[in-house]
Amino acid sequence: MNIFSLNWKMMRGVFKSFFLGVGLIAIIGVYNVHTCIIFESKYLESLFLLSFGHLGLDDIIIIMILLWITPQLFLIWILRDCISSELDASAAYIFTRTKKRSGWLLSKLLFLFIINLLYWLIQFTVLYLIGIITGFGFYNIQEGILLIFRQYVLMVLLSYFYILIVNILSLKSNVIIGFFTAVSINIISILISPFFYKYLEKGPVLIKLLPSSQAIVTWHDSITGFSNKLGLFEFRLSGFSIIYSLVYLIIFCLAFIIYGCYSIEHMDIV
């Protein structure tokens, strides 16, 4: 089955939305360029960390949360009904001509993953161009490229996790419930982190179990030396590694994919 068999109208709508995403990251990028200049840290690493990989756990500020979470919410909204809308439009056609329902679902989930990859590639490319245009350069090109690549992979996996929540839950309920479930998990896991950190003895351990924490690169202790050199990002969680977050997100994504395949094989198609 062709993984790009989603109807052209839906694909066109998704790619049109990407242009709005470019404007969104441009605004965020310009804001963070100004912040980097204030901190006298005109490095691409600083710009990418502020834009995609940082939240201050000691003092989480609403504007910082909005800047970090908005590109994710925008993508989740774009892709919220890619599966349910096609089922609603042509479920009988699909399942009378498809030997295995789960195979059809997997092709759609692969399509969503590719769209997710492209979205973040565009986001990161636009931010890089903004940095270059405003005179930013790498502090250390080898470490910097590795850091940005880690950010990209973690953001792709986290976003895909939320995209899966929306689209898989829509098979059992509806898109609105799926969307607000994904958004609620994202926002709550951010807002509850300072409470865990300040008031619970096991707070740091609990923070590592929250989904959104996995993509906040500055909380990981594997970039300690680099971030200290820049003097911007001092907080981190001991024993919180990039590998841990990769495994965490991959396991949860696979769990939702398996659950989705099970659900679609056992659902009644009207």
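Here's a quick rundown of the structure. (Residues numbered from 1 in each chain as written. Predicted model: local features only at pLDDT ≥ 70, side-chain atom pairs only at ≥ 80, totals over all residues. Heavy atoms only, no water.)

## What about the overall build of the protein chain?
For step 1, the next point in the chain: Helix and strand counts for the protein chain stand at 10 helices and zero strands.
For step 2, the next point in the chain: In the protein chain, the succession of α and β elements from N to C terminus is α-α-α-α-α-α-α-α-α-α.
For step 3, the next point in the chain: Every one of the 270 residues in the protein chain was classed for burial, and the buried ones make up 52%. (Helix = DSSP H or I, 4+ residues; strand = E, 2+ residues; numbered from the N terminus. Buried < 20%, exposed > 50% of the residue type's maximum accessible area, 1.4 Å probe, protein only.)

## Things to note about the packing of aromatic side chains
Aromatic ring pairs are defined here through the distance separating the ring centres and the angle between the ring planes.
For step 1, the next point in the chain: Going through the model one piece at a time under the given rule, you end up with 19 aromatic pairs.
For step 2, the next point in the chain: Taken together, a centroid distance of 5.0 Å and an interplanar angle of 90° make the contact between Y43 and Y139 edge-to-face. Of the two residues, Y43 sits in the loop between α1 (8-38) and α2 (44-52) while Y139 sits in the loop between α5 (101-133) and α6 (141-172), which places them 96 residues apart along the sequence.
For step 3, the next point in the chain: By way of ring pairs, the aromatic residues F48, F52, F74, Y119, W120, F124 and Y152 are connected into one cluster.
For step 4, the next point in the chain: Over the ring of W77 we find R80, and its NZ or CZ is 3.6 Å from the ring centre. (Phe/Tyr/Trp six-rings, centres within 6.5 Å; stacked < 30°, edge-to-face > 60°. Lys NZ or Arg CZ within 6 Å of the ring centre and 35° of its normal.)

## Here we look at the packing of α6 against helix α7 (residues 175-199)
For step 1, the next point in the chain: α7 packs onto α6 with a crossing angle of 150° between their chain directions and a minimal axis gap of 7 Å. As summarised for this structure, α6 and α7 are arranged roughly antiparallel, according to the angle between their axes. As for the relative orientation of α6 and α7, their crossing is right-handed in sense. Contact with α6, carried on its side by Y162, I165, V166, L169 and S170, involves V175, G178, F179, T181, A182, I185, N186 and S189 of α7 and no other residues of that element. (Axes fitted to C-alpha atoms, helices over the stretch in contact; angles between N-to-C directions. Parallel < 35°, antiparallel > 145°, perpendicular 65-115°, else oblique. Left-handed = near helix turned anticlockwise from the far one by under 90°. Contact = heavy atoms within 4.5 Å.)

## Side note on unusual backbone geometry
For step 1, the next point in the chain: We note that E40 has phi near 55°; this positive angle belongs to a residue other than glycine.
For step 2, the next point in the chain: Looking at where E40 falls in the secondary structure, it is placed in the loop between α1 and α2.
For step 3, the next point in the chain: E40 gets classed as exposed once you look at its relative accessible area, which sits at 72%.

## Quick look at the environment of E45
For step 1, the next point in the chain: On the secondary structure map, E45 appears in helix α2.
For step 2, the next point in the chain: Residue class for E45 comes out buried when judged on its relative accessible area of 0%.
For step 3, the next point in the chain: A C-alpha to C-alpha distance of 8.9 Å links E45 and E143, two positions 98 residues apart in sequence.
For step 4, the next point in the chain: Within the local environment of E45, its side chain forms a polar contact with the backbone nitrogen of N140, the two atoms lying 3.0 Å apart. (Polar contact = N/O pair within 3.5 Å; in protein donor to acceptor, adjacent residues only side chain to side chain.)

## Thoughts on a nonpolar patch on the surface
For step 1, the next point in the chain: A contiguous nonpolar patch, built from F195, Y199, L200, V205, L206 and L209 and spanning about 560 Å² of accessible area, is present on the exposed surface.
For step 2, the next point in the chain: Structurally, L206 can be placed in helix α8 (residues 203-207). (Patch = residues over 30% accessible without salt bridge, like charges linked within 9 Å, V, L, I, M, F, W, Y side chains within 5 Å. Areas by Shrake-Rupley, 256 points an atom, 1.4 Å probe, with all protein chains shown as cover. Salt bridge = Lys/Arg side-chain N within 4 Å of Asp/Glu carboxyl O.)

## Considering the packing of α6 against helix α10 (residues 242-265)
For step 1, the next point in the chain: Running from N to C, α6 and α10 cross one another at 20°; their axes reach a closest spacing of 9 Å. One element, α6, and the other, α10, form an angle in the roughly parallel class. Classified by chirality, the crossing of α10 by α6 is left-handed.
For step 2, the next point in the chain: For the contact of α6 with α10, the residue count by class is 20 nonpolar, three polar and two charged. (Nonpolar A, V, L, I, M, F, W, Y, C, P; charged D, E, K, R; others polar.)

## Describing the side chain of N186
For step 1, the next point in the chain: Within the secondary structure, N186 is located in helix α7.
For step 2, the next point in the chain: Once you skip the residues sitting within four places of it in the chain, N186 turns out to touch W68, I69, Q72, L73, Y162 and S212.

## Side note on the environment of I83
For step 1, the next point in the chain: For I83, the position within the fold is in helix α4 (residues 82-96).
For step 2, the next point in the chain: With 84 residues separating them along the chain, I83 and N167 place their C-alpha atoms 6.2 Å apart.

## Considering the environment of F161
For step 1, the next point in the chain: Its place among the elements puts F161 in helix α6.
For step 2, the next point in the chain: Of the residues examined, F161 reaches a relative accessible area of 5% and is grouped as buried.
For step 3, the next point in the chain: Separated by 92 residues in sequence, F161 and C253 have C-alpha atoms that sit 5.3 Å apart.
For step 4, the next point in the chain: Those residues in contact with F161, other than ones at most four positions away along the chain, are P211, F252, C253 and F256.

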